[in-house]
Amino acid sequence: MHLVVQIPAYNEAETIGGVIQEIPRRIPGIDQVTVLVVDDGSRDGTGEVARAAGADVVIRHRRNRGLAAAFQTGMDAALRLGADLIVNLDADGQYDPADIPALIAPILRGEADLVVGDRQVMRLTHFPWPKRALSALGSAVVRWASGVEIPDAPSGFRAYTREAALRLIVLTDFSYTVEHLIQAGKRRLAVAHVPVRARPTPRPSRLHHGVWDFIKRQGATLVRVYAGYEPLKAFFYISLPFWLIGLILFARLAWFFVTEGFALRGHLQSLIVATLSIILAFLIFLFGLLADRIGDNRRLLEEIMRRLRELETRL
C-alpha cells in the first residue's frame, strides 16, 4: 500500500520544513510513504526548503496559480506516482501530521473513499467566535447541498482512495474543499470524518482576504457546483418565488371574480403581473430541464475523464 502525502505550498519556507519532518514514515498497513510538495510559484525558496527537509518529490509552478490548481497538480502527480492513498496536508502547520494514521484508518478498514479531518471548530479557542459560527453554518449548508454528513466542510486535511482521486476533480479556481464534498455526495462515494487537532498558525490565511471574502467566494463555489450537479432543483428553487407570486395573484383575482358577480372590473395590473410571473417561472423551469439534459452529458464526460486519467497514470 503506497501512501502519498501531498502538500500544496505558496511562500511557506518558514513552516514547511517542520511539517515535512513531522510526517510519519512508518504507518501500520502502509508499505511506502512518499512526500510530494507542489510549490505554487513561491518566491521565498519553499521548494528548496522542502527538498532539504526530506520531500521525495517537488513540483513547481512557474507562477502562483492558486490553491485549487496546486491541489489538482498534486493529485495528478500522486496518481502518476502509483498512490493507493493520498493525504492532503497544509504547509502552514495547522494540521498535525501525527494524525495521518487516524485519518487513513477508515480507508484501510474499507469503510470510506474519502475521509475529512474534523477540527471540531466550535472548540478551537484560537479561532474568533464569528469564524467558528460561520464555519458551523457553512458546514450545515454543505451538508444539505451534498447529502454528506460532515461536521467540518472547509477542512483541507483529507485522505482519498485512488478511485476517489480518479473520480474527483477541481473545476473552480478558489478551493477544492466544498466542490469535492458535493461531487462525492452526488457520485455516491463513502465519506467519513475523524477528529483531528488544529494548531494555531503564525500568519493569516493566504487563501482569502478576510471572513467576508471567504464567505463570498466559497458561497459562489457552492452555488455553481450545486447547480452543476442538481440543475433541475436549482432552477426550480429560482423559479419558486415567481410561481408563488403568480399563483397568489391569480387566486386573488379568482376571489374578486366570484365576489364581484363573475366579472373583473379593474385589477388589470394584478392580471399583468400574475401572467408575467407565471411565464417567467415557466421559462426558468424550462432552462432547468435543458440544464438537466446537459447534466447527462456531463456525467458521461466525467466517466470518460476518469477512464482517461486511469489510463494515463498506468502508462
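Note that the structure is predicted; figures quoted are calculated from it, not measured.

1. Some thoughts on the packing of helix α9 (residues 231–259) against helix α10 (residues 268–314)
Packing of α9 against α10 leaves a shortest axis separation of 8 Å and a crossing angle of 160°. With respect to α10, the axis of α9 lies roughly antiparallel. Of the two possible hands of crossing, α9 and α10 adopt the one that is left-handed.

2. Points about the pattern of salt bridges
Applying the stated criterion across every chain yields a total of 18 salt bridges. The salt bridge partner of Asp96 is Arg197, with a shortest N-O separation of 3.6 Å. Linking Asp96 in the loop between β4 (85–88) and α4 (100–108) with Arg197 in the loop between β7 (191–195) and α8 (211–229), this pair joins segments that are 101 residues apart in sequence. Here Asp96 makes a salt bridge to Arg199, at a shortest N to O gap of 3.9 Å. Taken as a pair, Asp96 in the loop between β4 and α4 and Arg199 in the loop between β7 and α8 lie far apart in primary sequence, 103 residues in all. When its relative accessible area of 11% is taken as the criterion, Asp96 is described as buried. Since its relative accessible area comes to 25%, Arg199 is described here as partly exposed. Within this structure, Glu163, Arg167, Glu303, Arg306, Arg307 and Glu310 form a network of salt bridges that share partners.

3. Quick notes on the sheet that holds strand β6 (residues 158–161)
Read from one edge of the open sheet, 7 strands run β3-β2-β1-β4-β6-β5-β7, paired in mixed fashion. Where the open sheet ends on each side, the last strands, each with one partner, are β3 (57–61) and β7. Here the strands of the sheet are splayed against their neighbours by 20° on average, with no regard to which way each runs. Note that strand β1 (residues 2–9) and β4 share 4 bridges and pair parallel. Paired with Leu3 across the two strands is Leu85, which belongs to β4.

4. Quick notes on the domain arrangement of the protein
Many authors give the size of an interface as the accessible area that is lost as the parts come together. According to the domain assignment, the protein contains domain 1 (2–207) and domain 2 (225–313). Measuring from the centre of the C-alpha atoms in domain 1 to the corresponding centre in domain 2 gives 38 Å. On the side of domain 2, 14 residues touch domain 1, which itself brings 20 residues to the contact. Each partner contributes to the roughly 1,400 Å² buried at the junction of domain 1 and domain 2, and carbon and sulfur atoms together form 60% of this total. Joining domain 1 to domain 2, the criterion identifies 5 salt bridges.

Reading the values: the criteria
Residues numbered from 1 in each chain as written. Predicted model: local features only at pLDDT ≥ 70, side-chain atom pairs only at ≥ 80, totals over all residues. Heavy atoms only, no water. Axes fitted to C-alpha atoms, helices over the stretch in contact; angles between N-to-C directions. Helix = DSSP H or I, 4+ residues; strand = E, 2+ residues; numbered from the N terminus. Parallel < 35°, antiparallel > 145°, perpendicular 65-115°, else oblique. Left-handed = near helix turned anticlockwise from the far one by under 90°. Salt bridge = Lys/Arg side-chain N within 4 Å of Asp/Glu carboxyl O. Buried < 20%, exposed > 50% of the residue type's maximum accessible area, 1.4 Å probe, protein only. Pairing = 2+ DSSP bridges. Domains from an automatic or database assignment. Contact = heavy atoms within 4.5 Å. Buried area = accessible area lost by both parts, 1.4 Å probe.

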